Amino acid sequence: MIKLSKILPALIVLSLFLSPLSAAEKWQYQAVLTQGMSLTDENNFYGDSQDSPSFEFTEISASGSYQFHRSSRLSGQALYRHAGAIEDISVDYLVLDTQYYSSEQALYGFRLGRYKLPFGLYNETRDVAFARQAVLLPQSLYSDSQRDLRIAADGLLLYASMFSQYGQWDIDLSYGKLNLDNISGYPGFPKGGSFSDEYAAVGRILFESFDGSFRAAISVINATVNYQFDLRDFDETLDQGMAQLDALIQQLNPGVETLPITIPTGGDIEEQQIIASFEYSWEKITFSTEYRLTFTKTLFPSVTIPTLVDPMDPTAGLTTFSQEIPNLDLDGEAYYLQGKYIFNPQWSAYLRWDVVYDNKDDKNGDGVLNTPNYSVYAKDFTVGGIWNINPQIMLAAELHQIKGTQWLSTIDNPDPFDTKEKWKLFVMTLSYRF
Amino acid sequence: MLVTHPSTPDRTLKFQTLRAIYSMRMQTWPDGDPIRVFVLPDTYQAHKDFCKTLLKTLPRHLRRNWDRLVFSGIAQAPSAVNSTTEMKQKIANTPGAIGYIPREEIDDTVVIVHIDS
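These numbers were taken from a predicted model, which means no experiment stands behind them. (Residues numbered from 1 in each chain as written. Chains lettered and ligands numbered in written order. Predicted model: local features only at pLDDT ≥ 70, side-chain atom pairs only at ≥ 80, totals over all residues. Heavy atoms only, no water.)

### Let's talk about the overall build of chain A
When helices and strands are counted, chain A shows three helices and 18 strands. Per-residue burial for chain A yields a buried fraction of 48% across its 434 residues. If you take every contact in chain A between residues at least 6 apart in sequence, the share linking residues at least 24 apart comes to 63%. Surface exposure of chain A reaches about 20000 Å², of which carbon and sulfur atoms provide 60%. (Helix = DSSP H or I, 4+ residues; strand = E, 2+ residues; numbered from the N terminus. Buried < 20%, exposed > 50% of the residue type's maximum accessible area, 1.4 Å probe, protein only. Contact = heavy atoms within 4.5 Å. Areas by Shrake-Rupley, 256 points an atom, 1.4 Å probe, with all protein chains shown as cover.)

Right, dumping it as structure tokens:
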């Protein structure tokens, strides 16, 4: 549900950019409306999509930019997004952009405020249909179900571009605080916990050849998050066990003070990602691929467990012992390959093979507990087409054949054991820009 | 032919500078005045010719980059005009303007800029 406190800043951004354009020379604004439809044979995607179509995907973005000084600009975007169980209105980005040096060889500048995380080929424009040129971006790298962890941050971004006769180099370096309002829990952990200290350092170096036919980039993400939850909220037997132990102790040793009990409740999660991106275009064909390695390390605090001093003599009382919990290391892998054929400016079609593994040392999920083994991977073969009806209207459709549920939303599919491994997804979007 | 407003400082541009200007990344002339970029619609032959012969790129690559920069707030889009006549008028009346018009339409309200490649 949408909170008023979230609508207000978005409305301020909107009013800023939709106010009378007296200085039209320096103002620019645009809006994009996208309505989607999704249909699945198994599992739910963007609402209740099983066997009958769901229309629970709407994206409305209004962005604008105001050049108030020869080298400084204010730009922002308000975004309304409804995707299945998630409905949100937000300030997608809002930055003060100052270019403090510009010459024929190079330029440098910075952005201050809420910026889109600069990684890969698509992240900054993932919520605008005309820029993603697809219904869904490859979910391996641009997952919608985990989008808050990857979308934007409040902080500072430094940028530089260098121009040569061969092409252009773009470098972005950023550090800021993430906004995790719409994520139900850290992936792989119980849902419903709370986040704190969520920061991301993101950098990218991108080269584009002089004719725009070749683009290549390396991006690095270093994110830290503290995620806290209480296991007793998620496991009734654990809760009952604790209560029984407590009752037993009280019964055997009346009046004893109950000792503090701590049990695993999350910890500091450090995540590193490295992404290699590559795109090459011929006159009619564009080939693109991106490959990502993810290194996730969870540092659990040590756990104290109450225990009887002497197991044979309960009246001897209680003590505690401290147990170190080993760090959890998980190395994930994701990649996609896509070929697009451009028939003419109106029509194009594409094929995509998109794969993600939570743990590249256990790709089939043989070692996972409490979740189906197919929830730790997803392999998606996609056929898609785009019809640019005119420069303002775009119709896009995709058919996905998927094995695995790694990026399936746990909000739209609350019980992981209720999902199926093999599923088909048909999605369509109609977009209008002005 | 590439033309600019008479007040712009350069009569020749390096190819990479033209690219940087039309990719909307370079936003000021060497003297610090803002650059104002004008374009015709993607489907016009004059625009396709400009992309092919002067920028050595495809209109869709240019458009993709503009969309990427504009929707992410990194840069503003070039100003679109609907005819070469309008292009010439806008360039003549806008300090810092750059655009392209056929050779036969050029008069002394604008100046020709050569590419040094």
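There is more to say after this.
### Brief notes about the side chain of Asp170(A)
Of note, Asp170(A) is situated in strand 7 (residues 167-178). Of the polar contacts made by the side chain of Asp170(A), one reaches the side chain of Ser161(A); its length is 2.6 Å. Setting aside residues up to four positions removed in sequence, Asp170(A) forms contacts with Ala160(A), Ser161(A), Arg204(A), Ile205(A), Leu206(A) and Arg25(B). (Polar contact = N/O pair within 3.5 Å; in protein donor to acceptor, adjacent residues only side chain to side chain.)

### Points about the interface of chain B and chain A
Each side of the interface is counted separately: chain B has 36 residues, and chain A has 52 residues. Contact between chain B and chain A buries roughly 3500 Å² in total, counting both sides, with carbon and sulfur atoms accounting for 43%. When the buried surface of chain B facing chain A is broken down by residue, Arg25(B), Phe71(B) and Gln76(B) rank first, second and third, together holding 23% of it. At the boundary of chain B and chain A, one finds seven salt bridges. Across the salt bridge formed by Glu208(A) and Arg19(B), the nearest N and O atoms sit 3.5 Å from each other. Our enumeration of links across chain B and chain A arrives at 21 residue pairs in polar contact (both at pLDDT 80 or more). Secondary structure elements with two or more residues in the side of chain B that touches chain A: helix 1 (15-22) and helix 3 (59-71) of chain B. When residues of the side of chain B that touches chain A are assigned to their parent elements, the largest contribution, nine residues, is made by helix 3 of chain B. (Buried area = accessible area lost by both parts, 1.4 Å probe. Salt bridge = Lys/Arg side-chain N within 4 Å of Asp/Glu carboxyl O.)

### Some remarks on helix 4 (residues 84-93) of chain B
Residue and element names in this part refer to chain B. Regarding helix 4, the residues found buried are Thr84, Met87, Lys88, Ile91 and Ala92. Across the axial projection of helix 4, the buried residues extend over an arc of 125 degrees, all falling on one side. In the core, the buried residues of helix 4 are packed alongside strand 1 (2-4), strand 3 (36-39) and strand 5 (97-100). (Arc of directions from axis to C-beta.)

### Thoughts on the packing of aromatic side chains
All names here are of chain A. In this structure the tally under the stated criterion is 24 aromatic pairs over all chains. Aromatic side chains Tyr46 and Phe57 sit 4.6 Å apart centroid to centroid with 10 degrees between the ring planes, which places their arrangement in the stacked category. With Tyr46 in the loop between strand 1 (27-40) and strand 2 (54-69) and Phe57 in strand 2, this residue pair connects regions lying eleven residues apart in the sequence. The exposure class assigned to Tyr46 is buried, which follows from its relative accessible area of 7%. Classification of Phe57 as buried rests on a relative accessible area of 6%. Taken together, a centroid distance of 6.3 Å and an interplanar angle of 25 degrees make the contact between Tyr291 and Tyr335 stacked. Here the residue Tyr291 occupies a position in strand 11 (residues 285-299), and Tyr335 occupies one in strand 14 (residues 328-342), the gap between them amounting to 44 residues. A residue is classified by how much of its surface remains accessible, and Tyr291, at 32% relative accessible area, is partly exposed. Residue class for Tyr335 comes out partly exposed when judged on its relative accessible area of 25%. Among the aromatic side chains, those forming a connected cluster through ring pairs are Trp169, Phe207, Phe214, Phe278, Tyr280 and Trp282. (Phe/Tyr/Trp six-rings, centres within 6.5 Å; stacked < 30°, edge-to-face > 60°.)

### Notes on the confidence of the model for chain A
Summing up the model confidence of chain A, the mean pLDDT is 85 and the portion of residues at 70 or higher is 86%. Ignoring residues within four places in sequence, the model shows residues 19-24 of chain A, a span with pLDDT below 50, making three contacts including any to other chains. (pLDDT = per-residue confidence, 0-100.)

### Here we look at the packing of helix 1 of chain B against helix 2 (residues 45-55) of chain B
Residue and element names in this part refer to chain B. Two elements in contact, helix 1 and helix 2, have axes separated by 11 Å at closest approach and are oriented at 145 degrees. Note on element contacts: helix 2 touches helix 1 through Phe50, Leu54 and Leu55, opposite Phe15, Leu18, Arg19 and Tyr22. For the contact of helix 1 with helix 2, the residue count by class is six nonpolar, no polar and one charged. (Axes fitted to C-alpha atoms, helices over the stretch in contact; angles between N-to-C directions. Nonpolar A, V, L, I, M, F, W, Y, C, P; charged D, E, K, R; others polar.)

### Points about the confidence of the model for chain B
Residue and element names in this part refer to chain B. For chain B, the mean per-residue pLDDT works out to 87, and 99% of the residues sit at or above 70. The secondary-structure element of chain B with the lowest mean pLDDT is strand 1, recorded at 84, while strand 3 shows the highest, at 93. Per the prediction output, this complex has pTM 0.84; the corresponding ipTM is 0.87.

### Describing a nonpolar patch on the surface
Residue and element names in this part refer to chain A. On the surface, a nonpolar cluster with roughly 800 Å² of combined accessible area is contributed by Trp282, Ile285, Tyr341, Phe343, Trp347, Trp387, Ile389 and Leu430. Looking at the secondary structure, you find Leu430 in strand 18 (residues 422-433). Residue Leu430 is classed as partly exposed on the basis of its relative accessible area, which comes to 43%. (Patch = residues over 30% accessible without salt bridge, like charges linked within 9 Å, V, L, I, M, F, W, Y side chains within 5 Å.)

### A few points about the sheet that holds strand 5 of chain B
All names here are of chain B. Read from one edge to the other, the open sheet built from five strands follows the order 4-3-5-1-6, with strand pairing classed as mixed. Because the sheet does not close on itself, it has two edges, and the strands there are strand 4 (79-80) and strand 6 (111-112). The pairing of strand 1 with strand 5 spans three bridges and is antiparallel. Each residue of the ladder has a partner; that of Val3, found in strand 5, is Gly99. Along the sheet, helix 2 contacts strand 1, strand 3 and strand 5; its crossing angle with strand 5, the most-contacted strand, is approximately 100 degrees. (Pairing = 2+ DSSP bridges.)

### Considering unusual backbone geometry
Phi at Asn43(A) is positive, roughly 65 degrees, even though this residue is not glycine. With respect to the helices, strands and loops of the structure, Asn43(A) is situated in the loop between strand 1 and strand 2. Even without being glycine, Lys56(B) reaches a positive phi, approximately 55 degrees. Here Lys56(B) is to be found in the loop between helix 2 and helix 3. For Lys56(B), a relative accessible area of 43% puts it in the partly exposed group.

### A look at the pattern of salt bridges
Residues and elements named next belong to chain A. In the structure shown here, the tally under the stated rule is 27 salt bridges over all chains. The partner of Glu124 in a salt bridge is Arg204, with the nearest N and O atoms 2.6 Å apart. Of the two residues, Glu124 sits in the loop between strand 5 (106-116) and helix 2 (129-132) while Arg204 sits in strand 8 (residues 194-209), which places them 80 residues apart along the sequence. With relative accessibility at 5%, the residue Arg204 sits in the buried group. Three or more residues joined by partner-sharing salt bridges are found here, namely Arg81, Asp92, Lys116, Arg126, Asp127, Asp144 and Arg147.

### Points about the packing of helix 2 of chain B against helix 3 of chain B
Residue and element names in this part refer to chain B. Running from amino to carboxyl end, helix 2 crosses helix 3 at an angle of 95 degrees, the nearest separation of the two axes being 9 Å. Comparing their axes, helix 3 and helix 2 come out roughly perpendicular. Residues His47, Lys48, Cys51 and Leu55 of helix 2 pack against Pro59, Leu62 and Trp66 of helix 3. Here the contact of helix 2 with helix 3 is built from residues that sort into five nonpolar, one polar and one charged. (Parallel < 35°, antiparallel > 145°, perpendicular 65-115°, else oblique.)

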